[in-house]
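A look at the structure
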Amino acid sequence: MSQADSLDTVKTAKYKWPQWLGVLALIYVLISAVSLIGTGFQEATGGRAQELFAFATNPYVGLVIGIVATALIQSSSTVTSLIVGMVAGGLPVAIAVPMVMGSNIGTTVTNTLVSLGHMRKKNEFRRAFAAATVHDFFNLLAVVIFLPLEIMFGLIERSAAIVANALVGDANVSMSGINFVSAATAPLVDSIETGARLLPSPYAGLAMVVVGLVLIFLSITYVGKLLRVLMVGKAKDVMHKAIGKGPLTGIFSGTLITVFVQSSSTTTSLMVPLAGAGTFTLRQIYPFMLGANIGTTITALLAATAVTGPMEVPAMQIALVHVLYNFFAVALIYGVPFLRELPLRGAERLSRLASKKKLYAAVWIFGVFLLLPLCLIALTTWL
């Protein structure tokens, strides 16, 4: 490296350090907000969260809540962080698991909408729409496989419980003994709680939940913007170098870049124009999309570190449910050749139809993100 290059690197680092401090500050706000939601939810429900969410004991309703909330908020990270806070406030993990699964479906609407920007050019739209909807098909297939298994055996919930107990369950052998997060976030959380408790109960608890949700949304939104400024250039370099070198490299790079930019919607949406332009094929992009599913789970894990006390294990457990669900889905579906091909075939066929008649694209978007939730709700009335 030349002396001029070294000076440029130093100048760039000096220029970026305030942005990195901003990222750390926003992560601090995120973790504090989850702790605030846990306290507020517990106070607002008077410890009767099970009764409050009795309507969601049907897993299909929980799935719908996850789909609709994430499609509206446009951030699975925000929704799963909110779910962690609600579990910390008493929401049973069993009710929260289908919500987490639903958030995986809801987050895919972003890149599907991005693909519509290519509608004027038939071949370009066909490639872009296929790249977007392969993510939809994969996440739908994952729910079709794992939701029945979860209902029958509680596979993911139990696996997450084992890991959560190992991490934070026993103070003598776990991370809970050295958990400094609660102490670090206490000043911000306590000051907001003090202000909220000027209101009578249960409104004080509701105020904490609302403030916590707003803080989560704002912190994730702005940390995403800062990280995109700091990392997207590097992320694109990693992406161009990694994609096409094999599925494992694609999955790893998708995971890594999503951790960098803290948004699977951003990561997958970056791929859609590249697919439309023909830079990468659908099969090259497919594993990258799956890595994004895994990478987005880091936010809920960070959020769970805010919780201490009796609800520490359940909060960590639901965060780990998000991790294990996505990991198991990638391992099973991508690992089995027959299952691996299903999202590809579905996306290719749908994109061919949509490129000929744009109505198919509209039917798909409204069908998955509106009609499917309505049908699931209708199904629950007959069960």
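Residues numbered from 1 in each chain as written. Predicted model: local features only at pLDDT ≥ 70, side-chain atom pairs only at ≥ 80, totals over all residues. Heavy atoms only, no water.

For the protein chain, mean pLDDT is 79; residues scoring 70 or higher make up 79% of the total. Contacts from residues 1–13, a stretch scored under 50 in pLDDT, to residues over four places away or in other chains number two contacts. Within the model, pLDDT remains below 50 along residues 171–179, and this stretch shows 17 contacts once partners closer than five positions in the same chain are excluded. (pLDDT = per-residue confidence, 0-100. Contact = heavy atoms within 4.5 Å.)

This paragraph deals with the UniProt feature "transmembrane region" (unreviewed entry) in the protein chain. On the UniProt side, "transmembrane region" (unreviewed entry) is annotated at positions that read residues 20–41, 53–73, 128–149, 203–227, 285–307, 319–339 and 359–382 here. Along residues 128–149, the helical share is 100% and the strand share 0%, with 33 Å between the first and last C-alpha atoms. Helix makes up 95% of residues 319–339 and strand makes up 0%, while its end C-alpha atoms are separated by 26 Å. (UniProt positions renumbered as here; feature names shortened; annotations may be inferred. Helix = DSSP H or I, 4+ residues; strand = E, 2+ residues; numbered from the N terminus.)

Here we take up the environment of Gly106. As for its placement among the helices and strands, Gly106 is situated in helix H5 (residues 93–106). For Gly106, a relative accessible area of 0% corresponds to the buried category. Along the backbone, Gly106 and Val79 are 27 residues apart, and their C-alpha atoms lie at a distance of 10.0 Å. Not counting residues within four places of it along the chain, the set of residues in contact with Gly106 comprises Ile67, Thr70, Ala71 and Phe369. (Buried < 20%, exposed > 50% of the residue type's maximum accessible area, 1.4 Å probe, protein only.)

Turning to the pattern of salt bridges, a few remarks are in order. In total, this model carries one salt bridge according to the counting rule given. Between Glu341 and Arg283 there is a salt bridge, with its nearest N and O atoms 2.8 Å apart. Placement of Glu341 in helix H16 (residues 337–356) and of Arg283 in helix H13 (residues 282–295) is noted, with a sequence separation of 58 residues between them. (Salt bridge = Lys/Arg side-chain N within 4 Å of Asp/Glu carboxyl O.)

Tracing the sequence through the fold places Glu150 in helix H7 (residues 122–153). Arg158 is the oppositely charged side chain nearest to the buried, salt-bridge-free Glu150, at an N-O distance of 7.5 Å. Only 3.4 Å separates the side chain of Glu150 from the backbone nitrogen of Leu155, close enough to count as a polar contact. Discounting residues that sit within four places of it in the chain, Glu150 has contacts with Val97, Met101, Leu155, Ile156 and Glu157. (Lys, Arg positive; Asp, Glu negative; His and termini not counted. Polar contact = N/O pair within 3.5 Å; in protein donor to acceptor, adjacent residues only side chain to side chain.)

Relative to the elements of secondary structure, Asn111 occurs in helix H6 (residues 109–115). From its side chain, Asn111 meets the backbone oxygen of Ala132 in a polar contact 3.3 Å long. Those residues in contact with Asn111, other than ones at most four positions away along the chain, are Ala132, His135, Thr268, Ser269, Val272 and Met289.

Turning to H7, a few remarks are in order. End to end, H7 covers 46 Å across 32 residues, agreeing with the expected 46 Å (1.5 Å per residue, within 8%). Where H7 bends most, at Phe146, the angle is about 25°, and the proline Pro148 comes one to four residues later. At the exit of H7 stands Gly154, carrying a positive phi of roughly 60°. (Expected span 1.5 Å × (residues − 1). Bend = angle between axes of the 7 residues up to and from the residue.)

Right, let's get into the environment of Lys245. Inspection of the secondary structure puts Lys245 in the loop between helix H10 (203–242) and helix H11 (247–261). By relative accessible area, which is 60% here, Lys245 ends up exposed. The sequence separation of Lys245 and Gln284 amounts to 39 residues, and the corresponding C-alpha distance is 8.5 Å.

Here the focus is a positive patch on the surface. Positive charge collects at one region of the surface, where Lys122, Arg349, Arg352 and Lys356 lie side by side. It is H16 that provides the largest number of residues to the positive patch, a total of three residues. Tracing the backbone shows Arg352 in helix H16. (Patch = residues over 30% accessible without salt bridge, like charges linked within 9 Å, V, L, I, M, F, W, Y side chains within 5 Å. Areas by Shrake-Rupley, 256 points an atom, 1.4 Å probe, with all protein chains shown as cover. Charge placed at Lys NZ, Arg CZ, Asp CG, Glu CD.)

What follows is about H13. If you check H13, its first and last C-alpha atoms are 20 Å apart, about what 14 residues at 1.5 Å a residue would give, namely 20 Å. Among the residues making up H13, those that are buried are Leu282, Ile285, Tyr286, Pro287, Phe288, Met289, Leu290, Gly291, Ala292, Asn293, Ile294 and Gly295.

What characterises a pair of aromatic rings is the spacing of the ring centres plus the angle enclosed by the ring planes. Evaluated as defined, the whole model comprises six aromatic pairs. Taken together, the aromatic side chains of Phe138, Tyr286 and Tyr334 make up a single cluster linked through ring pairs. The ring of Tyr334 carries the charged tip of Arg340 above its face, separated from the ring centre by 5.0 Å. (Phe/Tyr/Trp six-rings, centres within 6.5 Å; stacked < 30°, edge-to-face > 60°. Lys NZ or Arg CZ within 6 Å of the ring centre and 35° of its normal.)

If you look at the biggest cluster of nonpolar residues, it comprises 84 residues, and the most contacted ones within it are Ile83, Val84, Met101, Tyr286, Ile318 and Ile333. Considering each element in turn, this core owes the most residues, 14 residues, to H7. Not counting the four nearest positions on each side in its chain, Ile83 is found in contact with Ala96, Met99, Val100 and Ile318. (Core = buried A, V, L, I, M, F, W, Y, C linked by side-chain atoms within 4.5 Å.)

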